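Spelled out, the chains give:
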Amino acid sequence: MWKRKTKVTADLGADIRIVFPEAGLDVVFDECDRFDHDETGGRLVGTYKEHGGKLTVQVTGIIESGPQAKRSPVSFFQDGAHQESIFRQIESQHPEIEHLGNWHTHHVNGLPTLSGGDIETYHRTVNHHNHNTPFFYALLVTAKHHSSDPHRRYSIKHFVFRRGDKDFYEIPPRHVEFVDAPLVWPASASQTDHVDHRHSAGSPPRPDRAYDSDIISEFYPGIRPFSSQKLGVYWRGPLELLDGSRVQVVLLEDSAGRTSKHSVALRDAPAALQSVADELAKEEFPSARAALLATERNCNRALYQRAHIEETKSSTKRT
Ligand SMILES: [Zn+2]
């Protein structure tokens, strides 16, 4: 068994550069904020260039860990099936995209570097015959800070494993460049770019879409983002209610103004929810997640009140 070590600046490690979007830091750090005790992470996608031994890895998207991810303070397993389906979805629009690697957190357990298990897994991954790229990029979150700068909320380290190489490399900060570039995923972030250019060039970025994407994909996995010429950005899918029934929800974004407004429509709502549907259709919400939460609450309240009235009726009859 060979001895593994990390080279910080020597030979091959110095020939590796990472280009990372600042919007990606928001996605990573927001996810860290949500999992304060358990490890979490996601998949990194993008493009790379390799020329004369020099490798440039450019991250353009971050795929969430997925609804079936398993977390503990010392372990983390991603929902690979979910991530693969998202990857196919991104690939259909951005055929140049590749799997670049993973990110995960250690600040929750205090280990400031990759674990032995991480290293073994990444060596195995990069040398696997199904692995498409000659490297594997691992971003590790190592510490949490109380910083008012959203991009300094956490410390991160970057590691690269190369195929056929027994070592791995920690990429020095001067070889990591943070850029102001749009993300192809989460969908919310990618469509920020698309929609803003269409409606009002130079309008401010809308981090809200990233929160929508995070929260909706985590808690309402059946509801997914779509984008069309006619409707712009919208979310659609089944919302499960407290009696086990489902109602089809469509969340529309109106981003013509400086701040986006959201509306909600229930498709084929049952009679019990018709008045809720009519009320909701008149309202405006500051985000897709606010629209969805209001929909869930109002529908559940209507179902509960109806059940309660029926119960009262039947108990009145009995007495
Ligand atoms: Zn780890």
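Residues numbered from 1 in each chain as written. Predicted model: local features only at pLDDT ≥ 70, side-chain atom pairs only at ≥ 80, totals over all residues.

## Digging into the overall build of the protein chain
Summing up its helical and strand segments, the protein chain has 8 helices and 15 strands in all. Counting every position in the protein chain, which comprises 319 residues, the buried fraction comes to 33%. Restricting to contacts in the protein chain with at least 6 residues of sequence separation, those with at least 24 account for 60%. (Helix = DSSP H or I, 4+ residues; strand = E, 2+ residues; numbered from the N terminus. Buried ≥ 20, exposed ≤ 12 C-beta atoms within 10 Å, placed from the backbone. Contact = placed C-beta atoms within 7 Å.)

## Some remarks on helix α7 (residues 274-282)
By the burial criterion, the buried members of α7 are V276, A277 and L280. Down the axis of α7, the buried side of the element spans an arc of 100°, and every buried residue falls inside it. Exposed residues pointing more than 90 degrees away from the buried face of α7 are listed as Q274, S275, D278, E279, A281 and K282. (Arc of directions from axis to C-beta.)

## Some details on the confidence of the model for the protein chain
Considering every residue of the protein chain, the mean pLDDT works out to 85; 85% of them sit at 70 or more. The least confident element of the protein chain, judged by mean pLDDT, is helix α5 (residues 187-199) at 44; the most confident is strand β8 (residues 135-144) at 97. pLDDT under 50 marks residues 190-205. Its contacts with residues more than four places away, or in other chains, come to 20 contacts. (pLDDT = per-residue confidence, 0-100.)

## Digging into the environment of I97
Take I97: it is sitting in the loop between α3 (80-93) and β7 (98-105). Since 18 C-beta atoms lie within 10 Å of it, I97 is described here as partly exposed. For the pair I97 and G61, spaced 36 residues apart in sequence, the C-alpha to C-alpha distance is 8.9 Å. Beyond its immediate chain neighbours, meaning those up to four positions away, I97 contacts V45, G46, T47, G61, I90, E91 and V184.

## Observations regarding the packing of helix α2 (residues 22-34) against helix α6 (residues 208-219)
The geometry of a pair of packed helices is captured by two quantities: the angle between their axes and the separation between those axes. Running from amino to carboxyl end, α2 crosses α6 at an angle of 45°, the nearest separation of the two axes being 11 Å. By the angle between their axes, α2 is oblique relative to α6. Along this stretch, α2 crosses α6, giving a crossing that reads as right-handed. Side by side, α2 and α6 meet where D26, V27, D30 and E31 of the first sit next to A210, Y211 and D214 of the second. Of the residues belonging to the contact of α2 with α6, the class tally is 3 nonpolar, no polar and 4 charged. (Axes fitted to C-alpha atoms, helices over the stretch in contact; angles between N-to-C directions. Parallel < 35°, antiparallel > 145°, perpendicular 65-115°, else oblique. Left-handed = near helix turned anticlockwise from the far one by under 90°. Nonpolar A, V, L, I, M, F, W, Y, C, P; charged D, E, K, R; others polar.)

## Observations regarding the nonpolar core
L44, Y137, A138, F159, V160, F161 and W185 are the most contacted members of the largest nonpolar core, which has 38 residues in total. Those residues in contact with F159, other than ones at most four positions away along the chain, are L114, A138, L140, F168, Y169 and E170. Residues W235, L251, A288 and C299 belong to the second largest nonpolar core, which totals 19 residues. (Core = buried A, V, L, I, M, F, W, Y, C linked by C-beta atoms within 7 Å.)

## As for the environment of D254
Within the secondary structure, D254 is located in strand β14 (residues 246-254). For the pair D254 and E284, spaced 30 residues apart in the sequence, the C-alpha separation amounts to 9.7 Å. Among all residues touching D254, those that are not within four sequence positions of it are S260, K261 and S263.

## Some points on unusual backbone geometry
The omega torsion across W185 and P186 is 5°, close enough to zero to call that bond cis. Take P186: it is sitting in the loop between β11 (176-179) and α5. Although it is not a glycine, D268 adopts a positive phi angle of roughly 50°. Looking at where D268 falls in the secondary structure, it is placed in the loop between β15 (261-267) and α7. Classification of D268 as exposed rests on a count of 8 C-beta atoms within 10 Å.

## Brief notes about the environment of D208
Its place among the elements puts D208 in helix α6. Taking the C-beta count within 10 Å as the criterion, D208 has 19 such neighbours and is therefore assigned partly exposed. A C-alpha to C-alpha distance of 9.4 Å links D208 and S260, two positions 52 residues apart in sequence.

## Examining the pairing of strand β2 (residues 16-21)
Pairing geometry for β2 and strand β4 (residues 54-64), over 4 bridges, is parallel. Looking at β4, one finds that I18 is bridged to V57. Note that β2 and β11 share 4 bridges and pair parallel. Considered in β11, the bridge of V19 is made with E177. (Pairing = 2+ DSSP bridges.)

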